[in-house]
Amino acid sequence: MPFKTPSKTSEFIRSLLPEENDKDVFEVAKYAEEKTVPILLPETAAFLKQAVILKQPKKILEIGTAIGYSGTIMLKNCDAELYTVEKDEDCANVAKKFFQAAGLSERATVFVGDACEIVPLVKGSFDFVFLDGPKTKYPAFYSYLKELLSAGGVLLADNVLFNGMVDGSGEFVRKKATIAEGLEKYLKIVFADTDMISSILPVGDGLCMSIKKV
């Protein structure tokens, strides 16, 4: 996969990462490369794997299934049930096939539709939420995701630095300003919330990890 390299930090981390040795994760990545489907950056995927191993969640909510790459990584590293939302029906169907091939179908429920319509209807409690859907909608999702998150639960949001447009370290692209503004708004909301402990990690395109206080 011809991954973009957001920074020297990303380049250095990738030089240290070992080759993927999980055949199911490898197959999804291979498909993504062949079909030019965007998936998590290698360093982001490595951190997601580590976060799931540390947390060992029982119930995961994911916004943005794509072809099931991040979902496969999460399910292969814990015993959780995954509930994941994807707007693109073709991508969702591919994800379902990969979950089935990996023997993960019984633990993976894929909802096909607009996350803006589905997220407000979700019920229950989740101890891990991975937010990787439409970036401009992150602020709108937040109140719902916080409510769904259990005490001590983790909310991990990807792409929060967005090619350096959010923190000013990258080139400003006017046609993508709305995305950067939405992400900055999300970060300000999360960090102002005293019910959450948040930090930004300059890994890949930027990750924001928030833990809901017990």
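Residues numbered from 1 in each chain as written. Predicted model: local features only at pLDDT ≥ 70, side-chain atom pairs only at ≥ 80, totals over all residues. Heavy atoms only, no water.

1. Concerning the pairing of strand β7 (residues 207–212)
Part 1 of the reasoning: Among the 6 residues in β7, 5 count as buried, and that is most of the element.
Part 2 of the reasoning: Alignment of strand β5 (residues 149–158) against β7, held across 5 bridges, turns out to be antiparallel. From the neighbouring strand, Ala-157 faces β7, where its bridge partner is Cys-208.
Part 3 of the reasoning: Bridging between strand β6 (residues 196–201) and β7 involves 6 bridges; their strand directions are antiparallel. Counted as the bridge partner of Leu-201 is Leu-207 from β7. (Buried < 20%, exposed > 50% of the residue type's maximum accessible area, 1.4 Å probe, protein only. Helix = DSSP H or I, 4+ residues; strand = E, 2+ residues; numbered from the N terminus. Pairing = 2+ DSSP bridges.)

2. Quick notes on the side chain of Ser-210
Part 1 of the reasoning: Following the sequence through the fold, Ser-210 ends up in strand β7.
Part 2 of the reasoning: Residue classification places Ser-210 among the buried residues on the basis of a relative accessible area of 0%.
Part 3 of the reasoning: Only 2.7 Å separates the side chain of Ser-210 from the side chain of Ser-198, close enough to count as a polar contact.
Part 4 of the reasoning: Beyond its immediate stretch of four places on either side in the chain, Ser-210 contacts Gly-153, Val-154, Leu-155, Val-190, Met-196, Ile-197 and Ser-198. (Polar contact = N/O pair within 3.5 Å; in protein donor to acceptor, adjacent residues only side chain to side chain. Contact = heavy atoms within 4.5 Å.)

3. With respect to the sheet that holds β7
Part 1 of the reasoning: As summarised here, the arrangement of the 7 strands in space is β3-β2-β1-β4-β5-β7-β6, forming an open sheet in which the pairing is mixed. What marks the edges here is a single partner per strand, and that holds for β3 (108–112) and β6. Geometrically, the sheet is characterised by an average inter-axis angle of 15° between neighbouring strands, direction not taken into account.
Part 2 of the reasoning: In terms of strand pairing, strand β4 (residues 126–131) meets β5 through 5 bridges, oriented parallel. (Axes fitted to C-alpha atoms, helices over the stretch in contact; angles between N-to-C directions.)

4. Quick notes on helix α8 (residues 177–192)
Count 3.6 residues to each turn of an α-helix, and residues three or four apart come out pointing the same way.
Part 1 of the reasoning: For α8, which comprises 16 residues, the first-to-last C-alpha distance of 22 Å matches the rise-based estimate of 22 Å (1.5 Å per residue) to within 8%.
Part 2 of the reasoning: Of all the positions in α8, only Ala-177, Ala-180, Gly-182, Leu-183, Tyr-186, Leu-187 and Val-190 are classed as buried.
Part 3 of the reasoning: Looking at the packing, one finds that the buried side of α8 touches β4, α7 (138–148), β5, β6 and β7. (Expected span 1.5 Å × (residues − 1).)

5. Comments concerning the packing of aromatic side chains
Part 1 of the reasoning: Inspection of every chain in the model, using the stated rule, returns 4 aromatic pairs.
Part 2 of the reasoning: Measuring from centroid to centroid gives 5.5 Å for Tyr-31 and Phe-98, while their planes differ by 80°, and the two rings are edge-to-face. One end of the pair, Tyr-31, is in helix α2 (residues 23–35); the other, Phe-98, is in helix α5 (residues 89–101), with 67 residues separating them in the sequence.
Part 3 of the reasoning: Taking the centre distance of 5.9 Å and the plane angle of 80° together, the rings of Tyr-83 and Phe-126 count as edge-to-face. Placement of Tyr-83 in strand β2 (residues 81–86) and of Phe-126 in strand β4 is noted, with a sequence separation of 43 residues between them. (Phe/Tyr/Trp six-rings, centres within 6.5 Å; stacked < 30°, edge-to-face > 60°.)

6. Considering the pairing of β2
Part 1 of the reasoning: Of the pairings in the sheet, the one linking strand β1 (residues 59–63) to β2 comprises 5 bridges and is parallel in character. Among the inter-strand pairings, Lys-59 is bridged to a residue of β2, identified as Glu-81.
Part 2 of the reasoning: Taken together, β1, helix α4 (residues 69–76) and β2 form a β-α-β motif whose crossover is right-handed.
Part 3 of the reasoning: Of the pairings in the sheet, the one linking β2 to β3 comprises 5 bridges and is parallel in character. Residue pairing for β3: Glu-86 is matched across the bridge by Val-112.
Part 4 of the reasoning: For the crossover that starts at β2, traverses α5 and ends in the parallel β3, the hand is right-handed. (Right-handed = clockwise from strand over helix to strand, strands pointing away.)

7. A short note on the environment of Ala-157
Part 1 of the reasoning: You can see Ala-157 is positioned in strand β5.
Part 2 of the reasoning: Here the alpha-carbon distance between Ala-157 and Asp-132, two residues 25 residues apart in the chain, equals 6.2 Å.
Part 3 of the reasoning: Contacts of Ala-157, omitting those with residues within four sequence positions, involve Leu-131, Tyr-138, Tyr-186, Gly-206, Leu-207 and Cys-208.

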